[in-house]
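Observations on the model geometry
Take a look at the letters that make up each chain.
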Amino acid sequence: MANGQWYPPEWPDRIRALADGDLTPVAPRRAATVMLLKDAEAGPAVHMLRRRVSMAFAGGAYAYPGGGVDPRDEHPIRWTGPTRAWWARRLGVDEAAAQAIVCAAVRETYEEAGVLLAGPTEDSVVGDTTGEDWEADRAALVARDVSFAEFLDRRGLVLRSDLLGAWTRWITPEFEPRRYDTWFFVAALPQGQRTRNASTEADRTVWIKPAGAAASYDKGELLMMPPTIATLRQLIPYDSAAQALAAAPDRDLAPVLAQARLEDGEIVLSWPGHDEFTKHIPTGGASA
């Protein structure tokens, strides 16, 4: 492996099965992930977690906090910032789905990083969220004992949708058994809050400069899936978290979906607009 691109050994067989009509794609589940930024010397750092090596999917790969939409993320919720209608237009979905995706982004960031993009008023954000009572609430959210709306109600908080910027959208390839339609967001670490490894799926977390993480990926030192390294490279030009957030409204949210085709006796796997991830797979099975 010349770089750190995550590439499951079973992909060639699954791609062939899809091409032969022996594999029916599963419908992707809506999901959200957040690139949490904080300002440091010479530009912002991004919060990343490393998935446990023992995990079946992308074990050992670096990623951002995130996860699938909970059906209850569509329930009525205390909300401020751009309206659901605005988010529906921005994300290209209906209003119920838009709320669910934004809610999932905020909820998962709290569940996996302990950072909460919510406040008691429309122009404030909670401070330190590391106390025992906060941890009990976070654990209840992870266990799905309470919905995010119920959690906010009990705390007297409103979700701050204005603290998020929609950045990009990637859909898991059709040949994957577990598929996600994932919206990537950017957000700045609120003042007074700090991240921690709150995820049961991660064995470590880091604050790392996007350029440094990309360089480590290029050397094969950090393992990442294509959407992760692609978004890291997109963050490199920005000098601050605020600058990245300001750029988000102009970002293209057309979904990126991998394509596989037969060409000259080999399978060519590509991600439109991202040539660096192209793989040439001989029909015999080895990947190049």
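Here's a quick rundown of the structure. None of the values given here were measured: they were computed from a predicted structure.

Right, let's talk about the overall build of the protein chain for a bit. Looking only at helices and strands, one finds eight helices and 14 strands in the protein chain. Taken over the C-alpha trace, the protein chain has a radius of gyration of 19 Å; the compact-globule value for 288 residues is 19 Å, and the two agree within 12%. Its C-alpha atoms put the protein chain at 60 × 40 × 35 Å along the principal axes. When the 288 residues of the protein chain are sorted by exposure, 53% land in the buried category. Residue pairs in contact within the protein chain that sit at least 24 positions apart in sequence constitute 70% of those at least 6 positions apart. Accessible area for the protein chain stands at about 12500 Å²; split by element, carbon and sulfur atoms hold 49% of it. Side chains of the protein chain give 31 positive and 40 negative charges; the mean places of these two sets differ by 3 Å.

Buried within helix H1 (residues 11–19) we find Trp11, Pro12, Ile15 and Arg16. All buried residues of H1 fall inside an arc of 135° around its axis, so they share one side. Looking at the buried residues of H1, the elements they touch are strand S12 (259–263), strand S13 (266–271) and strand S14 (274–282).

Another point: the side chain of Arg138. Its place among the elements puts Arg138 in helix H4 (residues 132–142). Looking at Arg138, its side chain comes within polar contact range of the side chain of Glu135, at 2.9 Å.

Turning next to the nonpolar core. Core analysis: the biggest nonpolar cluster contains 41 residues, and Trp87, Leu91, Leu116, Phe148, Leu159, Leu164 and Phe185 have the highest contact counts within it. For this core, the secondary structure elements donating two or more residues are strand S1 (29–40), helix H2 (84–91), helix H3 (95–113), H4, helix H5 (148–155) and strand S9 (180–188). Looking at this core element by element, the count peaks at ten residues for H3. Leaving out residues up to four positions away in the same chain, Leu116 has contacts with Tyr110, Val125, Val126, Thr129, Trp134, Phe148, Phe151, Leu157, Pro190 and Gln193. In this structure, Tyr7, Ala213, Ala214 and Leu232 belong to the second largest nonpolar core, which totals 39 residues.

Let us look at the packing of H2 against H3. It is the contact of H2 with H3, at a shortest axis distance of 8 Å, that shows an interaxial angle of 90°. Put simply, H2 runs roughly perpendicular to H3. Facing H2, whose interface residues are Arg84, Ala85, Trp87, Ala88 and Leu91, H3 presents Glu95, Ala98, Gln99, Ile101 and Val102.

What follows concerns H3. With 19 residues, H3 extends 27 Å from end C-alpha to end C-alpha; this agrees with the ideal 27 Å at 1.5 Å per step. With 17 of 19 residues buried, H3 is to be regarded as a mostly interior element. Where H3 begins, the capping side chain belongs to Asp94, and its oxygen is found 3.2 Å from the backbone nitrogen of Ala96. Two residues or fewer past H3, Gly114 is found with a positive phi of approximately 75°.

Let's shift gears to the pairing of strand S2 (residues 43–51). Of all nine residues in S2, eight are buried; the element is thus mostly enclosed. Relative to S2, S1 is paired through four bridges, and the arrangement is antiparallel. Across the sheet, the residue bridging to Ala40 is Gly43, located in S2. Counted between consecutive antiparallel strands, the loop separating S1 from S2 contains two residues, among which Ala42 sits at a positive phi close to 60°. Here two bridges tie S2 to strand S3 (residues 62–63), and the two strands are oriented antiparallel to one another. Counted as the bridge partner of Leu49 is Ala63 from S3.

Mapping Arg90 onto the fold places it in helix H2. A polar side-chain atom of Arg90 sits 3.3 Å from the main-chain carbonyl oxygen of Ala166. Setting aside residues up to four positions removed in sequence, Arg90 forms contacts with Ala166, Ala248, Pro249, Asp250, Arg251 and Leu253.

How each quantity is defined
Residues numbered from 1 in each chain as written. Predicted model: local features only at pLDDT ≥ 70, side-chain atom pairs only at ≥ 80, totals over all residues. Heavy atoms only, no water. Helix = DSSP H or I, 4+ residues; strand = E, 2+ residues; numbered from the N terminus. Rg over C-alpha atoms; globule rule 2.2 N^0.38 Å. Buried < 20%, exposed > 50% of the residue type's maximum accessible area, 1.4 Å probe, protein only. Contact = heavy atoms within 4.5 Å. Areas by Shrake-Rupley, 256 points an atom, 1.4 Å probe, with all protein chains shown as cover. Lys, Arg positive; Asp, Glu negative; His and termini not counted. Charge placed at Lys NZ, Arg CZ, Asp CG, Glu CD. Arc of directions from axis to C-beta. Polar contact = N/O pair within 3.5 Å; in protein donor to acceptor, adjacent residues only side chain to side chain. Core = buried A, V, L, I, M, F, W, Y, C linked by side-chain atoms within 4.5 Å. Axes fitted to C-alpha atoms, helices over the stretch in contact; angles between N-to-C directions. Parallel < 35°, antiparallel > 145°, perpendicular 65-115°, else oblique. Expected span 1.5 Å × (residues − 1). Pairing = 2+ DSSP bridges.

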